[in-house]
Amino acid sequence: MSVLITGIAGIGQVRDEITTVAGFLWHKGWAERNAGNLSYNITQYFDAPPGDSDFEAPVALPRTFANLNDQLLLVTASNSRMRDVAADIPANMCLLQIIDGGKAYRQLKKPAPEKMKPPTSELPTHLAIHDKLCAENRPEKVVIHTHPNRLIAMTHIREFCNQSVINNILWSMQPETCVYIHDGLGFVPYMQTGSDALALATLAALDRHRIVLWEKHGCLAIGENAREAFDLIDIAGKSADIFFICRNAGFQAEGIPLAELKKLRESFGIAQPEE
Ligand code: 2HA
Ligand code: ZN
């Protein structure tokens, strides 16, 4: 990310959000080594995109993301550590412009060419989600993927690998989960990391959810900004924490009764779950 980008109005706020949230992910213990990735559609901050000579050569994409043509996205670099993203965004993120009608991207040059890194291995998933968000004119600009320990642990227990079962447990652990994640988590069965299949299953889940749980892998959430996406994972993770704290103490968490959750939804004007 060059001086060119740091000078764009509003980008300071984006930088602060990413710094804060990447630090949270590391300190939560959800971001071992290069675990997790983050992308931010920052097109709105540009009056005019950088010039052609500011970009590296185009790279073909495996699929066409037509709704992303000309969009500018900040994405974590492949193999970047969240703790390093928090400390130095320019060195650990890539600014991509989607070009050729969504068939390719090009990366903004870095001041030192040896600092160039390819974007995250989960790029197909991130682009597919941003493409959908643009197509549907939705306000969410951020996609966060991370590895929250206890949510992942729950998906190693077969009986919880069921969307309705796991949502009912998480909702019942604390009122916040029911209120702020009223639409529940989308559950995606185990699939190869970085695969198109995982991207497509995640897209389908995002039709009805803002947070998606990948079996035996991690979580992905979308938000209008990075803090909002983080909060969804944090709240769901807290429910999983409470569940296991009770289990580890030798008890089964009682859970807020269904009738109380129904009342809570009524008083907050939240639709009752269909599941
Ligand atoms: O970026 O977490 O899912 C590393 C990962 C892949
Ligand atoms: Zn992952």
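Model, not experiment: these values are computed from the prediction.

Q: Looking at this model, I keep getting lost on the environment of Pro-257. Mind explaining?
A: With respect to the helices and strands, Pro-257 occurs in the loop between helix 10 (226-248) and helix 11 (258-267). We classify Pro-257 as partly exposed; its relative accessible area is 48%. Distance in space between the C-alpha atoms of Pro-257 and Ser-172 is 7.0 Å, their sequence separation being 85 residues.

Q: Just to check I follow, could you spell out the site of ligand 1 for this structure?
A: By nearness alone, every residue bordering ligand 1 is listed as Asn-34, Ala-35, Gly-36, Asn-37, Glu-122, His-145, His-147, Thr-193 and His-217. Interatomic distance of 2.5 Å between a side-chain N/O atom of Glu-122 and an oxygen atom of ligand 1. In the complex, 88% of the free accessible area of ligand 1, which totals 220 Å², lies under the protein chains. Tallied by class, the residues present in the shell around ligand 1 amount to one nonpolar, seven polar and one charged.

Q: Whenever I open this one, the packing of aromatic side chains confuses me. Can you help?
A: Each aromatic ring pair is specified by the distance between its two centres and by the angle formed by the two planes. Enumeration over the complete set of coordinates arrives at four aromatic pairs. Arranged with centres 6.1 Å apart and planes meeting at 35°, the rings of Trp-30 and Phe-230 form a pair that is tilted. Of this pair, Trp-30 sits in the loop between helix 2 (11-27) and strand 1 (37-41) while Phe-230 sits in helix 10; the two residues are 200 residues apart in sequence, bridging distant segments of the chain. Sitting over the ring of Trp-26, Arg-83 keeps its end group 4.7 Å from the ring centre. Just above the ring of Trp-171 sits the side chain of Arg-265; from NZ or CZ to the centre is 4.5 Å.

What counts and what doesn't
- Residues numbered from 1 in each chain as written.
- Chains lettered and ligands numbered in written order.
- Predicted model: local features only at pLDDT ≥ 70, side-chain atom pairs only at ≥ 80, totals over all residues.
- Heavy atoms only, no water.
- Helix = DSSP H or I, 4+ residues; strand = E, 2+ residues; numbered from the N terminus.
- Buried < 20%, exposed > 50% of the residue type's maximum accessible area, 1.4 Å probe, protein only.
- Near = heavy atom within 4 Å.
- Polar contact = N/O pair within 3.5 Å; in protein donor to acceptor, adjacent residues only side chain to side chain.
- Areas by Shrake-Rupley, 256 points an atom, 1.4 Å probe, with all protein chains shown as cover.
- Nonpolar A, V, L, I, M, F, W, Y, C, P; charged D, E, K, R; others polar.
- Phe/Tyr/Trp six-rings, centres within 6.5 Å; stacked < 30°, edge-to-face > 60°.
- Lys NZ or Arg CZ within 6 Å of the ring centre and 35° of its normal.

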